[in-house]
Amino acid sequence: VTGHACALQCAHCQGQLLEGMQPTPDAESLLALGRKLRDGDCQGLLISGGAGFDGAVPLQDHLPAIAQLTGWGLRVIVHTGLVDREIARGLAQAGVDPARIRRVPSGIDFARFDGVEPDLGWRMRFDLEPGELVDRFAQHLDVFTEVEIQ
């Protein structure tokens, strides 16, 4: 959704993972991209983007469009970053399959970053100690446990 923009610029990525992403700054641009993909016989799409300083990918304004995309039968995968209950509920209501929501931010995905200490960038950006960081991620995961299609 953010194109190449990311406020965090963590050591493991520094925005490089966003280089191939098409910006969809609002719901209409996401729907236009979705139409183009659907009309080209695409079966689904990844919705992602750079995180703000709160660790979240800005998805709120895109939730109605995400619901429409799933309504068209497109498989929608969402990389959320850290989320709150409102976004988690919105994704569930939009029809995003919980298995298609990447709950753990890529900053702690050890498999992807070949020896980079993943939480270092998050600790520096959020000014959190390691225990506080774990608590923040645990809260993020708890939101999905609470909301996850009850």
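Residues numbered from 1 in each chain as written. Predicted model: local features only at pLDDT ≥ 70, side-chain atom pairs only at ≥ 80, totals over all residues. Heavy atoms only, no water.

Looking at the nonpolar core
Formally: What we call a nonpolar core is a set of buried Ala, Val, Leu, Ile, Met, Phe, Trp, Tyr and Cys residues that are connected through their side-chain atoms within 4.5 Å. The classification of residues rests on relative accessible area computed with a 1.4 Å probe and restricted to protein chains. Under 20% of the type maximum is buried, over 50% is exposed, and intermediate values are partly exposed. By the criteria applied, helices consist of DSSP H or I runs no shorter than four residues and strands consist of E runs no shorter than two, each listed in order from the N terminus. Contacts between residues were defined by any pair of non-hydrogen atoms, one from each residue, lying within 4.5 Å.
Ranked by size, the top nonpolar core spans 23 residues in total, and within it I47, I66, L69 and V76 carry the most contacts. Of all elements in the fold, only α1 (27–39), β1 (44–47), α2 (63–71), β2 (75–79), α3 (85–93) and α5 (130–147) reach the threshold of two or more residues within this core. Counting residues per element, this core draws most heavily on α2, which supplies four residues. Residues contacting L69, with those up to four places away along its chain left out, are L30, L31, G34, L45, I47, L74 and V76.

Observations regarding α2
An α-helix turns once per 3.6 residues; consequently, residues spaced three or four apart project the same way. The line we're drawing: The arc in question is the one traced by the directions running from the helix axis out to the C-beta atoms.
Within α2 the residues assigned to the buried category are L63, A65, I66, L69 and T70. Within α2, the buried residues cover an arc of 155 degrees as seen down the axis, which keeps them to one side. For α2, the exposed residues set more than 90 degrees away from the buried face come down to P64 and G71. In this structure, the buried side of α2 is in contact with α1, β1, β2 and α3. G73, located one to two residues past α2, shows a positive phi value of around 90 degrees.

Notes on α1
Short version of the rule: By definition here, a helix of n residues has an expected span of 1.5 Å times n minus one. We call two N or O atoms a polar contact when they sit within 3.5 Å, provided that within protein one can donate a hydrogen and the other can accept it, with sequence-adjacent residues counted only if both atoms are side-chain atoms.
An ideal rise of 1.5 Å per residue puts 18 Å on 13 residues; α1 measures up with 18 Å between its terminal C-alpha atoms. Among all positions in α1, only A27, L30, L31, L33 and G34 are buried. Down the axis, α1 shows its buried residues gathered within 165 degrees of arc, on one side only. Residues of α1 that are exposed and angled more than 90 degrees away from the buried face: E28, K36 and D39. Considering only its buried residues, α1 is in contact with β1 and α2. The backbone nitrogen of E28 lies 3.3 Å from a side-chain oxygen of the residue at the head of α1, namely D26. Just past α1, the residue D41 takes up positive phi, approximately 65 degrees.

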